[in-house]
Amino acid sequence: MDSRRTLIAVLLALVVLSLAPAAAEAKVVWLCEPGQRANPCEPSLTTTGYSPSGERLGVQRVRRAARRRADCFYVYPTVSDQKQPQATKVVDAVLRSIALYQAARYSRDCRVFAPVYRQVTIQGLFNPSTVTPEMREQGYDDVVEAWRHYLRRHNRGRGVVLMGHSQGTFVLRRLIREEIDPRRAARRRIVSAVLLGGNVTVAKGRDRGGDFRNIRACRSARQLGCVIAFSAFDAEPPPNSLFGRTSEPNREILCTNPAALGGGPARTTPIYPTKPFADSVIGAAANAASAALPKPRTPWVAVPRGLRARCSEAGGASVLRVTPLGDAFTTTPLPDATWGVHLVDANVALGEIANLVRRQIALYVRR
């Protein structure tokens, strides 16, 4: 009888252990995942080009790589319009829009994984007293859980590009600091990290030593496991700007110009979807800002070399200063000058970042 009870206990323990991971993983909700129906991260990439002055250059039928040999793990910015300080894990039209605007272009070269997380909503952003530390932890925990789930179930030794903007970058800064930067094996998995609009810090005069002890800024197209980071402004940031400044002693905000990683000015290629952003607070601002821009029938518009960009420390803020070279792509600070052109951080140099990621993936696979 005792041996039978022991056997039953062992079998029950094995059942519990086998069910525990599945129960935990069931909590992960994906905005974008390979094989997903109506995947917002895998639309048509056909693009109409315009010169900076607005002359139509023609249509390019951009095709995805036949074999995408790396993955992109994307964490979206503050976009939720839910009428509470913390979002639920519901996939709505607003999330689909931001995935299209910021992540879909990279599906040319990588499989895009984008977890849904209980982020601080727009309402919470402008009413910070309603946001508790527990809410912030829950949002971060959702992304960490999705990251670990991805590594267990999907990675299989593939290289990963981490991508975030705004709140998404703040979340990824912590995830990299805690889950990746201290571990050599984890660092070797990273192709690069595109961390926009989120005040990534480095030690003054250096390319690391702030948020990350080991992971450096990207300063060459042949560099792997590095960070591309900036916040875009079309004028000198005001003294109370939200981006480009840090109060941490002996640190500064990282700026890497994706069109000139080694430094100096260069022209960038803005790319943006023609589909209007979903009806929302962010959508209203995004649609108003792009109302005068070209809207051809193709899903995308590109303005090759339509902006001049350079990293600048004028006014004590480390930012990417962008200057339109014509009327085909213009910039508007929203919601005001303290934010710069934050809403289009991910689009002002999308052509250069996407091409850089393509080169980095190819180099990673060869190495």
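Here, the structure is the one placed above.
Residues numbered from 1 in each chain as written. Predicted model: local features only at pLDDT ≥ 70, side-chain atom pairs only at ≥ 80, totals over all residues. Heavy atoms only, no water.

## Structural notes on the pairing of strand 5 (residues 111-115)
(1) Moving on: Here strand 5 lies mainly inside the structure; four of its five residues are buried.
(2) Moving on: By the bridge criterion, two bridges tie strand 1 (residues 30-32) to strand 5 in an arrangement that is antiparallel. Bridged to Trp30 within strand 5 is Pro115.
(3) Moving on: As defined by bridge partners, strand 4 (residues 70-75) adjoins strand 5 across three bridges and the pair is classed as parallel. The residue bridging Phe73 from the neighbouring strand is Phe113, located in strand 5. (Buried < 20%, exposed > 50% of the residue type's maximum accessible area, 1.4 Å probe, protein only. Helix = DSSP H or I, 4+ residues; strand = E, 2+ residues; numbered from the N terminus. Pairing = 2+ DSSP bridges.)

## Some details on the sheet that holds strand 3 (residues 56-60)
(1) Moving on: Strand order in the open sheet formed by four strands is 3-2-14-13, and the pairing between neighbours is mixed. In the strand order of this sheet, the two ends are held by strand 3 and strand 13 (271-273), each with one partner. Averaged over all pairs of adjacent strands, the angle between strand axes in this sheet comes to 25°, irrespective of strand direction. (Axes fitted to C-alpha atoms, helices over the stretch in contact; angles between N-to-C directions.)

## Here we look at unusual backbone geometry
(1) Moving on: The amide bond that connects Leu334 to the next residue, Pro335, takes the cis arrangement and shows omega of 0°.
(2) Moving on: Looking at the secondary structure, you find Pro335 in the loop between strand 16 (319-324) and helix 8 (350-366).
(3) Moving on: Non-glycine residue Asn250 carries a positive phi angle of around 65°.
(4) Moving on: With respect to the helices, strands and loops of the structure, Asn250 is situated in the loop between strand 10 (232-233) and strand 11 (251-253).
(5) Moving on: Among the residues examined, Asn250 registers a relative accessible area of 60% and is labelled exposed.

## Digging into the side chain of Asp345
(1) Moving on: Of note, Asp345 is situated in the loop between strand 16 and helix 8.
(2) Moving on: Polar contacts involving the side chain of Asp345 include one to the side chain of His165, which spans 3.0 Å.
(3) Moving on: Here Asp345 is in contact with His165, Leu196, Gly197, Phe230, Ser231 and Ala232, once residues within four sequence places are set aside. (Polar contact = N/O pair within 3.5 Å; in protein donor to acceptor, adjacent residues only side chain to side chain. Contact = heavy atoms within 4.5 Å.)

## Regarding helix 4 (residues 133-155)
(1) Moving on: Here helix 4 is 23 residues long and its end C-alpha atoms lie 31 Å apart, about the 33 Å a rise of 1.5 Å per residue gives.
(2) Moving on: If you check which residues of helix 4 are buried, you get Met135, Gly139, Tyr140, Asp142, Val143, Val144, Glu145, Ala146, Trp147, His149, Tyr150 and Asn155.
(3) Moving on: Positioned one or two residues after helix 4, Arg156 has a phi angle of 55°, which is positive. (Expected span 1.5 Å × (residues − 1).)

## Some details on helix 2 (residues 93-102)
(1) Moving on: Within helix 2, eight of the 10 residues are buried, which leaves it mostly tucked inside the rest of the structure.
(2) Moving on: Buried within helix 2 we find Val94, Leu95, Ser97, Ile98, Ala99, Leu100, Tyr101 and Gln102.
(3) Moving on: At the N-terminal end of helix 2, a side-chain oxygen is found 3.2 Å from the backbone nitrogen of Val94, two or three residues along, and the residue is Asp92.

## Digging into the packing of aromatic side chains
(1) Moving on: This structure, assessed with the given rule, holds 11 aromatic pairs.
(2) Moving on: Through a chain of ring-to-ring contacts, the aromatic side chains of Trp30, Phe73, Phe113, Trp147 and Tyr150 assemble into a single cluster.
(3) Moving on: One residue, Arg105, lies across the ring of Trp300, its end atom 5.0 Å from the ring centre.
(4) Moving on: Lying across the ring of Tyr140, Arg174 places its NZ or CZ 3.8 Å from the centre. (Phe/Tyr/Trp six-rings, centres within 6.5 Å; stacked < 30°, edge-to-face > 60°. Lys NZ or Arg CZ within 6 Å of the ring centre and 35° of its normal.)

## Digging into the side chain of Gln167
(1) Moving on: When you line up the elements, Gln167 lands in helix 5 (residues 167-180).
(2) Moving on: Looking at Gln167, the relative accessible area reads 16%, which means it is buried.
(3) Moving on: Setting aside residues up to four positions removed in sequence, Gln167 forms contacts with Tyr76, Pro77, Thr78, Tyr117, Gln119 and Val120.

## Let's talk about the sheet that holds strand 10
The pairing of strands in a sheet comes from backbone hydrogen bonds and takes either a parallel or an antiparallel form.
(1) Moving on: Strand order in the open sheet formed by four strands is 10-16-15-12, and the pairing between neighbours is mixed. Bordering the open sheet on either side are strand 10 and strand 12 (266-268), each of which pairs with just one other strand.
(2) Moving on: The pairing of strand 10 with strand 16 spans two bridges and is parallel. Each residue of the ladder has a partner; that of Phe233, found in strand 16, is Arg321.

## With respect to the environment of Arg216
(1) Moving on: In this structure, Arg216 sits in the loop between strand 8 (201-203) and strand 9 (226-228).
(2) Moving on: Sequence spacing of Arg216 and Arg111 is 105 residues, and the spatial spacing of their C-alpha atoms is 24 Å.
(3) Moving on: Contact partners of Arg216, with chain neighbours within four places excluded, come to Asp207, Arg208, Gln223, Gly225, Cys226 and Val227.

## Focus on the nonpolar core
(1) Moving on: Grouped together as the largest cluster of nonpolar side chains are 94 residues, with contacts concentrated most on Phe73, Tyr76, Tyr106, Trp147, Leu162 and Ile180.
(2) Moving on: Phe233, Ala317, Val319 and Trp339 belong to the second largest nonpolar core, which has five residues in total. (Core = buried A, V, L, I, M, F, W, Y, C linked by side-chain atoms within 4.5 Å.)

## A closer look at the state of the cysteines
(1) Moving on: Per the stated rule, a full pass over the model turns up four disulfides.
(2) Moving on: Disulfide pairing is shown between Cys72 and Cys110; the S-S distance is 2.0 Å. Its S-S torsion of approximately -105° makes the covalent link between Cys72 and Cys110 left-handed. One end of the pair, Cys72, is in strand 4; the other, Cys110, is in the loop between helix 2 and strand 5, and 38 residues separate them in sequence. (Disulfide = S-S within 2.5 Å.)

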